[in-house]
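Analysis of the macromolecular model
Listed here are the chains, written in short residue letters.
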Amino acid sequence: MSDMLKVDNINVYYGQIHALKDVSLDVQQGEIVALIGANGAGKTTTLRTVSGLLRSKTGSISFMDQNISQTPAYKLVSEGIAHVPEGRHVFLQMTVQENLEMGAYTNGAYTKSGIADAYQRFPRLKHRKNQIAGTLSGGEQQMLAMARALMSQPKLLMLDEPSMGLAPILVQQIFDIIKELHKAGTTILLVEQNAEMALAIADRAYVLESGRIKYSGTGAELAQSDKIKKAYLGG
């Protein structure tokens, strides 16, 4: 495997607040890498910096051996990075089908077959294809946000808290979908509050505390760590 994403020594600020402190991490092709940590640890900030929505004052971010530290966010979609943000952010006044069509704006030739693939992967969306997205349940909106991101055929899929606010049965469905995407060859960077489930499917993981990488290792290693169990797994 080779590095698909390499984040090297980034420092990100919100005004005077030092949100990320010397953060370095990498994601290799074909991996699921999880970022876990408490609220406010810097997980979402990390994803927003990778996707060009925030800028680091130091260091560099490379994707497929290209420095993307200054690349505008909208260009990164066509480069192969898709970001499903916390809170889903689907187009609430559009139908399910229209949301998917918007997801293919960088890859119009893929629209028809992409929508067919989306409906095969997310059968619930097919039954609601003409429904206004704002009337969907939280779980259905999360599925739509993921399906819309996949319409750009990303090399790297970044998911920010995909299970947040969902009933346990829907959380399991979302994680099953993530595993299916991984099996199909999608590389995934996952930010997730449910540390136990995230570590269970992650090849490797990083633990953020107060804007710094505190621990790293395989998902299995961190899941068995007494420190991680006590801090994040209720052990």
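Up top you'll find the structure we're talking about.
None of these values were measured; they are calculated from a predicted model.

Rules used throughout
- Residues numbered from 1 in each chain as written.
- Predicted model: local features only at pLDDT ≥ 70, side-chain atom pairs only at ≥ 80, totals over all residues.
- Heavy atoms only, no water.
- Helix = DSSP H or I, 4+ residues; strand = E, 2+ residues; numbered from the N terminus.
- Expected span 1.5 Å × (residues − 1).
- Buried < 20%, exposed > 50% of the residue type's maximum accessible area, 1.4 Å probe, protein only.
- Contact = heavy atoms within 4.5 Å.
- Phe/Tyr/Trp six-rings, centres within 6.5 Å; stacked < 30°, edge-to-face > 60°.
- Lys NZ or Arg CZ within 6 Å of the ring centre and 35° of its normal.
- Salt bridge = Lys/Arg side-chain N within 4 Å of Asp/Glu carboxyl O.
- Core = buried A, V, L, I, M, F, W, Y, C linked by side-chain atoms within 4.5 Å.
- Axes fitted to C-alpha atoms, helices over the stretch in contact; angles between N-to-C directions.
- Left-handed = near helix turned anticlockwise from the far one by under 90°.
- Nonpolar A, V, L, I, M, F, W, Y, C, P; charged D, E, K, R; others polar.
- Pairing = 2+ DSSP bridges.

Moving on, we get to helix α6 (residues 138–150). Between its terminal C-alpha atoms α6 stretches 19 Å, which fits the 18 Å expected from 13 residues at 1.5 Å a residue. With respect to burial, α6 is a largely interior element, 12 of its 13 residues being buried. Residues of α6 that are buried: Gly139, Glu140, Gln141, Gln142, Met143, Leu144, Ala145, Met146, Ala147, Arg148, Ala149 and Leu150.

This next bit is on the environment of valine 33. With respect to the helices, strands and loops of the structure, valine 33 is situated in strand β3 (residues 32–36). Through-space distance from the C-alpha of valine 33 to that of isoleucine 201 is 8.8 Å; in sequence the pair is 168 residues apart. If near-sequence neighbours (up to four positions away) are discounted, valine 33 is found in contact with Asp26, Val27, Ile188, Leu189, Leu190, Arg204 and Tyr206.

A ring pair, where both rings are aromatic, is described by two values, the distance of the centres and the angle of the planes. Evaluation of the coordinates by the stated rule reveals 0 aromatic pairs. For the cation-ring pair, arginine 148 lies above phenylalanine 91, with the distance from its terminal atom to the ring centre recorded as 4.9 Å.

We now examine helix α1 (residues 43–50). In terms of burial, α1 is a largely internal element, 6 of the 8 residues being buried. All of the buried residues in α1 are Lys43, Thr45, Thr46, Leu47, Thr49 and Val50. Of the residues flanking the end of α1, it is glycine 52, one or two places downstream, whose phi is positive at about 85 degrees.

Overall, the coordinates contain 6 salt bridges when judged by the stated rule. With a shortest N-O distance of 3.7 Å, arginine 212 and aspartate 22 are connected by a salt bridge. Note that arginine 212 is positioned in strand β10 (residues 212–218) and aspartate 22 in strand β2 (residues 17–28), a separation of 190 residues in sequence. By relative accessible area, aspartate 22 is classed as partly exposed at 42%. Residues aspartate 176 and lysine 179 are paired through a salt bridge, measuring 3.7 Å at the closest nitrogen-oxygen approach.

This paragraph deals with the nonpolar core. Counting residues in each nonpolar core, the largest one holds 45 residues, and the members touching the most others are Leu157 and Ile178. If sequence neighbours within four positions are ignored, isoleucine 178 has contacts with Ile32, Met146, Leu159, Pro162, Ile188, Leu190 and Ile201. Among the nonpolar cores identified, the runner-up in size contains 26 residues, and Leu5, Leu47, Ile61 and Leu156 belong to it.

Another aspect to go through is the packing of helix α3 (residues 96–103) against α6. Contact pair α3 / α6: the axes reach a minimum separation of 7 Å and the direction vectors enclose 35 degrees. As for how α3 packs across α6, the hand of that crossing is right-handed. Of the residues in α6, those touching α3 at Val96, Asn99, Leu100 and Gly103 are Leu144, Ala147 and Arg148. Looking at the contact of α3 with α6, its residues break down into 4 nonpolar, 2 polar and 1 charged.

Turning to unusual backbone geometry, a few remarks are in order. In this structure, asparagine 9 is a non-glycine residue whose phi angle is positive, near 60 degrees. The topology assignment puts asparagine 9 in strand β1 (residues 3–14). Even without being glycine, glutamate 161 reaches a positive phi, approximately 55 degrees. For glutamate 161, the position within the fold is in the loop between β7 (156–160) and α7 (168–183). Judged by its relative accessible area of 4%, glutamate 161 falls in the buried class.

Next up on the list: the environment of leucine 166. With respect to the helices, strands and loops of the structure, leucine 166 is situated in the loop between β7 and α7. For leucine 166 and glutamate 140, which are 26 residues apart along the polypeptide, the C-alpha to C-alpha distance reads 9.9 Å. Contacts of leucine 166, omitting those with residues within four sequence positions, involve Arg88, Gly138, Gly139, Gln142, Val171 and Ile174.

Before going further, it helps to examine the sheet that holds strand β5 (residues 66–67). Pairing within the open sheet is antiparallel, and its 4 strands lie in the order β2-β1-β4-β5. Across the chains shown, the open sheet's two edge strands, defined by having one partner strand only, are β2 and β5. In this structure, β1 lies alongside strand β4 (residues 60–63), joined through 4 bridges in antiparallel fashion. When the bridges of β4 are listed, leucine 5 appears paired with phenylalanine 63. Across the face of the sheet, α1 comes into contact with β1, β2 and β4 while running at roughly 115 degrees to β1.

Take it as geometry only, folks, not as evidence of what the structure does.
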